[in-house]
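Overview (structure and organization)
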Amino acid sequence: MPIPQWLRKFPNPLPNYGECGGASADCSTPKPIDKMDKLFLKHDKDLEYADGADDPENKKRLRRIADRDLALGLRGKFGTLEPYRRPVYGHVYNFFAKLIFRP
């Protein structure tokens, strides 16, 4: 089981970033605080779309794509993420998120 799916099974003691980053973040009324938070919003929407898939294999594939896209975004493949709204915490959160989400 990939690390992101494994971590989602915990009762969410994990830290959040902005409005949408983190397993326990409630992104129902999204107001992303910066570019990294926008990546987390897109990831949440992509996972929601994947969960609507009827075929279990397609659902699994779409979730992998969502995780891969987030991994690439965290590494700056779609443009720089800086400046972070929370500079020190943003760098730290990005570092650990990249350990969890790998392309």
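Every value quoted in this text rests on a predicted model; they were computed, and no experiment measured them. (Residues numbered from 1 in each chain as written. Predicted model: local features only at pLDDT ≥ 70, side-chain atom pairs only at ≥ 80, totals over all residues. Heavy atoms only, no water.)

1. Let's talk about the overall build of the chain
Quick note on the threshold: A run of H or I in DSSP counts as a helix once it spans at least four residues, and a run of E counts as a strand once it spans at least two, with each numbered from the N terminus. For each residue, the accessible area found with a 1.4 Å probe, counting protein chains only, is set against the maximum for its type, and the residue is called buried under 20%, exposed over 50%, and partly exposed in between. Any two residues whose heavy atoms approach within 4.5 Å at even a single point are treated as in contact. What sets the accessible areas is the Shrake-Rupley method with a 1.4 Å probe; for residues, cover comes only from the shown protein chains.
Secondary structure summary: the chain contains four helices and zero strands in total. Mapped in sequence order, the helices and strands of the chain form the string α-α-α-α. Classification of the 103 residues of the chain by burial places 33% in the buried group. Put simply, of all contacts in the chain between residues at least 6 apart along the chain, 51% involve residues at least 24 apart. Surface accessibility of the chain: about 6,700 Å² in total, with carbon and sulfur atoms responsible for 57%.

2. Topic: the nonpolar core
Cut-off, in case you're wondering: Nonpolar cores were defined as sets of buried Ala, Val, Leu, Ile, Met, Phe, Trp, Tyr and Cys residues, with membership established by side-chain atoms within 4.5 Å.
Counting residues in each nonpolar core, the largest one holds 15 residues, and the members touching the most others are Tyr-17, Met-36, Phe-40, Leu-70, Leu-74 and Tyr-93. For this core, the secondary-structure elements that each account for two or more residues are α2 (35-51), α3 (56-74) and α4 (87-100). Per-element accounting of this core gives the leading share, four residues, to α2. With sequence-adjacent residues up to four places away left out, Phe-40 is seen in contact with Tyr-17, Cys-20, Gly-21, Leu-70, Leu-74 and Tyr-93.

3. Examining the confidence of the model for the chain
Rules: For every residue, the predictor assigns a confidence score, pLDDT, that lies between 0 and 100.
Summary statistics for the chain give a mean pLDDT of 87 and a share of 87% for residues scoring 70 or more. Here helix α1 (residues 3-7) is the element of the chain with the lowest mean pLDDT, 63, and α3 is the one with the highest, 96.

4. Observations regarding α4
Counted only if it meets this: To estimate the expected span of a helix, subtract one from its residue number and multiply by 1.5 Å. As used here, the arc belongs to the directions running from the helix axis to the C-beta atoms.
With 14 residues, α4 should cover 20 Å at 1.5 Å per step; its first-to-last C-alpha distance of 20 Å lies within 8% of that length. The set of residues buried in α4 consists of Gly-90, Tyr-93, Asn-94 and Ala-97. Down the axis of α4, the buried side of the element spans an arc of 105 degrees, and every buried residue falls inside it. Next to the buried residues of α4 lie α2 and α3.

5. Quick notes on α2
Given 3.6 residues per helical turn, the α-helix brings residues three or four places apart onto the same face. We apply this condition: The term polar contact refers here to a pair of N or O atoms within 3.5 Å; inside protein, the definition further demands a hydrogen-donor-capable atom paired with an acceptor-capable atom, and it admits residues adjacent in sequence only when both atoms are side-chain atoms.
Over its 17 residues, α2 runs 24 Å from end to end, which matches the ideal 24 Å to within 8%, given 1.5 Å per residue. All of the buried residues in α2 are Met-36, Asp-37, Leu-39, Phe-40, Leu-41, His-43, Leu-47 and Ala-50. Those residues of α2 hidden inside the fold are in contact with α3 and α4. Looking at where α2 begins, the residue whose side-chain oxygen comes 3.2 Å from the main-chain nitrogen of Met-36 is Asp-34.

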